[in-house]
Amino acid sequence: MIDRRSFLTASAAASAAGMLAACAKKNPAKSAGSQTGSKQITLGFSQVGSESGWRAANTQSVKQAAAAAGIALKFSDAQQKQENQISAIRSYIAQKVDVISFSPVVVTGWDTVLKEAKAANIPVILTDRSVETSDPSLYVTLVGSDFEIEGERAAHLLEKVLAGHKGPVKIAQLEGTTGAAPAIERAKGFATIMHASHPEWKIIASQTGDFTRAGGKQVMAAFLQAHADIDVLFSHNDDMAIGAIQSIQAAGKTPGTDIKIVSVDGVHDGFVAMSKGQINAIVECNPLLGPQLMDAVKVVHAGKGSTLPRWIKTKESDYTADQAAAALPSRKY
Ligand code: GZL
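Reading the values: the criteria
- Residues numbered from 1 in each chain as written.
- Predicted model: local features only at pLDDT ≥ 70, side-chain atom pairs only at ≥ 80, totals over all residues.
- Heavy atoms only, no water.
- Pairing = 2+ DSSP bridges.
- Helix = DSSP H or I, 4+ residues; strand = E, 2+ residues; numbered from the N terminus.
- Axes fitted to C-alpha atoms, helices over the stretch in contact; angles between N-to-C directions.
- Contact = heavy atoms within 4.5 Å.
- Near = heavy atom within 4 Å.
- Polar contact = N/O pair within 3.5 Å; in protein donor to acceptor, adjacent residues only side chain to side chain.
- Areas by Shrake-Rupley, 256 points an atom, 1.4 Å probe, with all protein chains shown as cover.
- Nonpolar A, V, L, I, M, F, W, Y, C, P; charged D, E, K, R; others polar.
- Domains from an automatic or database assignment.
- Salt bridge = Lys/Arg side-chain N within 4 Å of Asp/Glu carboxyl O.
- Buried < 20%, exposed > 50% of the residue type's maximum accessible area, 1.4 Å probe, protein only.

Colleague: I'd like a rundown of the sheet that holds strand β9 (residues 260-265), residues and numbers included.
Modeller: Strand order in the open sheet formed by 6 strands is β7-β6-β8-β9-β10-β12, with mixed pairing between adjacent strands. Unpaired on one side and paired on the other, β7 (201-208) and β12 (318-320) mark the two borders of the sheet. The mean angle between the axes of side-by-side strands here comes to 15°, regardless of whether they run parallel or antiparallel. One ladder, built from 7 bridges, connects strand β6 (residues 169-175) with β7; its direction is parallel. Bridging across to β7, Q173 finds its partner in S206. Sheet strands in contact with helix α9 (residues 238-250) are β6, β8 (232-235), β9 and β10 (281-284), and its direction is about 155° off that of β9. Running at roughly 155° to β10, helix α10 (residues 268-275) makes contact with β10 and β12 of the sheet.

Shown next, in the form of structure tokens:
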């Protein structure tokens, strides 16, 4: 599996420069320092879908930031299907947008369409999720979180939640969408800490709930049917955790007490559940990427994409249940 961090640091700004040099050669009007007046930038954006509260907040952030930046936004919702994202990107190429951005639903299968964007001299910016590619010049930068670190953070929060616990800990894991960077990397980060420091922890069940409430509810019900002794749920997002809470309660158990829950995202309903003690801790994953994306779009459109870092990381915090009520009023999503 790709080591995202080393890959991203290894792919030099030169690859981005190469991409932009190609743009400058074929479309001098778009080259660095272009004085083509204040022609409005057109951005083609392909969104994963509308599967979670995080996604809704992310979509709102992209749309609001585009309007605030005076960028014309062409937006499409792929309903979590890669083929829909590929079609949308091809449509943006045909419409000759200035920049393309997307949150790739899964990490693989993008080289062909990204090569078509490169051939059309349209720079691409990834947001939220990364891709696996053999050609780093196929996108300029990624604006998003470090999901592997988020997995490690979840494990450290679980250490706090389990403080004083003695003996084996049986963990159920609700994975995100199969093949998606956050699912792969949150699981990896959590496992790194578990294997390094906690021989007493064991993941006894792990399955995708596809980042949705319905998925979390359904899979957690199956987990509870198969395992009477689950101590902890690690959920890759709040929506699946909220669905799982319903199944835990239906099984006559108390979420947050009988089964400790650590989740990721920090959406409003996740904080509400945490303020009720149903979720014990949340790793924040910031969806408000819109402003950073629009700043990057303007830099890339000005032909200065090579000045951008290969990965523009978002800032985010961790929360435990005792902090939830105080934090709720100031939450932005
Ligand atoms: C993470 C994002 C994930 C969220 C889920 O950056 O890709 O997708 O954690 C969302 O809630 O569905």
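Colleague: Which residues make up the site of the ligand, and what are the values?
Modeller: The full set close to the ligand counts 13 residues, and E51, D128, R129, R186 and D265 are the nearest of them. Here an oxygen atom of the ligand and a side-chain polar atom of R55 are 3.0 Å apart. Relative to its unbound accessible surface of 310 Å², the ligand loses 100% to contact with the protein. Elements that contribute at least two residues to the shell around the ligand include exactly α3 (53-69) and α7 (181-197). Its residues assigned to classes, the shell around the ligand comprises 5 nonpolar, 2 polar and 6 charged. Formed jointly, the shell around the ligand draws a minimum of three residues from each of two domains, domain 1 (30-144 + 287-302) and domain 2 (147-285 + 318-330).

Colleague: Now, about the sheet that holds strand β5 (residues 141-144): what can you tell me, with residues and values included?
Modeller: The strand order across the open sheet formed by 6 strands is β2-β1-β3-β4-β5-β11, and the pairing between neighbours is parallel. For this open sheet the edge positions go to β2 (72-77) and β11 (311-313), each flanked by a neighbour on one side alone. Here the strands of the sheet are splayed against their neighbours by 20° on average, with no regard to which way each runs. When strand β1 (residues 42-47) meets β2, the two strands line up parallel, connected through 6 bridges.

Colleague: Can you break down the pattern of salt bridges residue by residue, with the values?
Modeller: Evaluation of the coordinates by the stated rule reveals 15 salt bridges. Among the ionic pairs, R90 bridges to E116, the shortest N-O distance being 2.7 Å. Highlighted residues: R90 in helix α4 (residues 82-94) and E116 in helix α5 (residues 111-119), separated in sequence by 26 residues. For R90, a relative accessible area of 38% gives the class partly exposed. Take E116: its relative accessible area is 29%, and that puts it in the partly exposed class. Where R129 meets D128, a salt bridge forms, and the shortest distance between an N and an O atom there is 3.7 Å. Overall, R129 belongs to the buried group, its relative accessible area being 2%. In this structure, a network of salt bridges that share partners links the residues E51, R55, D128 and R129.

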